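# What the coordinates show
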Amino acid sequence: MTGPVPPPSGVPAPGTPLVLRGREVGRGPDGVLRPVVMAIVNRTTDSFYAPARRPDDGAALDAAHQAWADGAQILDVGGVRAGVGPEVDEAEEIGRVAPFVARVREALPDLLVSVDTWRSGVAREVVAAGADLVNDTWAGHDPALVEVAGAAGVGVVCSHTGGAVPRTDPYRVEYPPTTGGPGADPRDGVLDDVVATLRAAAARAVACGVPPRSVLVDPTHDFGKNTWQSLHLLRRTEVLAGLGFPLLMALSRKDFVGETLDLPADERLEGTLAATALAAWQGATVFRAHDVAATRRVLDLVAAVRDEAPPRAVLRGLA
């Protein structure tokens, strides 16, 4: 019996594939497993990137159809701005997202649905409405959320915020230098903290009943981190991919991209795609993205260079 084919020389090891509700996400009709795009629809009026704001039901559903057509396999629905903003209570958040999840489930049955929330009460309602994944971007602030996911057998995202609480911005965040020994990069202190946090959170998710390959780990760039720290985590993606769980990268138009290039959110596409290519090369498997079609193309090119997927139309030098 033959085992998995090792990657070509010089290519980092592949990441762990994602499975939701028994379905291996990203496996195409050609049998090739490609990285996964998670599109974004925010049911808010104040998200940091204006084109992602879809408070109107019709416009939000149109965006879901477009995301599917552009190559997204997962739709991530948010009801509350991640950063500082007006208070949104649990009942209002449920009203923004749960009925929409049901509409997407009916209109696009093959599109997997994720909901970005830190509240277990919201998680319970959206899972009942048909959500396949709960994206907890606030690192288990509500410890009952992962129990909801485990009881329902849906996926969960385990994140890292360095102890920050929901809807706060980082301020003078510091991580101790690494204790990795002689020759270690002292900047790996943030990596050590992320690895320890994600490993513990993933273990708890599995203990609560979430299937291991339905547990995504997310270093959560910008959350509880400054730009230097987020950049370091990007260059160390291979370590995070080696945790043994599907690795989610939420890089799209984030502040660390903007600060690196000194650009506002609406001019961060190229920087986002560069970061996406770097993370995909190192084994990340799921990418949360505002720009689905562009992200899909970048991931397909990286998959071909990694020798994981063939080029789609080869004529040069042959015809």
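Quick note: structure is the one above.
In this report, the structure presented in the accompanying data block is examined. Each chain has its residues counted from 1, running along the sequence as written. Two thresholds apply to this predicted model, a pLDDT of at least 70 for residue-level local features and 80 or more for giving and counting side-chain atom pairs, whereas whole-chain, interface and lining totals are computed over all residues. As a rule here, side-chain values come from all non-hydrogen atoms in the structure, and water together with hydrogens is ignored.

### Topic: helix α3 (residues 120-129)
An α-helix turns once every 3.6 residues. As a result, residues three or four positions apart point the same way. Burial runs high along α3: 7 of the 10 residues are buried. Within the span of α3, buried status applies to Ser120, Gly121, Val122, Ala123, Val126, Val127 and Ala129. In what follows, residue pairs with any heavy atoms lying within 4.5 Å of each other are defined as contacts. Helix and strand definitions here come from DSSP, where helices need a minimum of 4 consecutive H or I residues and strands a minimum of 2 consecutive E residues; each element is numbered from the N-terminal end. Next to the buried residues of α3 lie α2 (90-107), β5 (112-116), β6 (133-135) and α4 (145-152). Partly exposed describes any residue whose relative accessible area lies between the buried limit of under 20% and the exposed limit of over 50%, with all areas from a 1.4 Å probe on protein chains only and scaled to the type maximum.

### Overview of the pairing of strand β3 (residues 36-42)
The buried fraction of β3 amounts to 7 of the 7 residues, a majority that puts the element mostly inside the structure. A pair of strands is treated as paired once DSSP finds two or more bridges between them. Bridge count between β3 and strand β4 (residues 74-78): 5 bridges; the pairing is parallel. Directly across from Met38, in β4, lies its bridge partner Ile74. Viewed with both strands pointing away, a crossover whose connecting path from the first strand over the helix to the second turns clockwise is right-handed. Once the chain exits β3 it traverses helix α1 (residues 57-70) before rejoining the sheet at β4, and the crossover so formed is right-handed.

### Points about the pairing of strand β7 (residues 155-159)
Here β7 lies mainly inside the structure; 5 of its 5 residues are buried. Residue alternation in β7 divides its side chains into two sets, Gly155, Val157 and Ser159 and Val156 and Cys158, and both sets are buried. Examined bridge by bridge, β6 and β7 share 3 bridges and lie parallel to one another. Across the sheet, Asn135 pairs through a bridge with Val157, a residue of β7. In this view, the connection linking β6 to its parallel neighbour β7 by way of α4 has right-handed handedness. Note that β7 and strand β8 (residues 215-218) share 4 bridges and pair parallel. When the bridges of β8 are listed, Val156 appears paired with Val215. What joins β7 to β8 is helix α5 (residues 189-207), and the crossover it makes is right-handed.

### A closer look at the nonpolar core
In this text, buried Ala, Val, Leu, Ile, Met, Phe, Trp, Tyr and Cys residues form a nonpolar core when linked through side-chain atoms within 4.5 Å. Ranked by internal contacts, the top residues of the largest apolar core, which has 69 residues, are Leu75, Phe100, Val104, Val156 and Met249. Here Val156 is in contact with Leu133, Val134, Leu145, Val146, Ala149, Ala205, Val210, Ser214, Val215 and Leu216, once residues within four sequence places are set aside. Counting 12 residues, the second largest nonpolar core, distinct from the first, contains Leu20, Val36, Leu112 and Val286.

### Examining the environment of Arg27
The residue Arg27 is located in the loop between β2 (23-24) and β3 in this model. Judged by relative accessible area, which is 42%, Arg27 ranks as partly exposed. C-alpha of Arg27 to C-alpha of His65: the two residues are 38 residues apart in sequence and 20 Å apart in space. Within the local environment of Arg27, its side chain forms a polar contact with the side chain of Glu24, the two groups lying 2.7 Å apart. In this structure the side chain of Arg27 is engaged in a polar contact, spanning 2.8 Å, whose partner is the backbone oxygen of Gly31. Side-chain atoms alone can form a polar contact between residues adjacent in sequence; in general such a contact is a pair of N or O atoms within 3.5 Å, and within protein one must be able to donate a hydrogen while the other accepts it.

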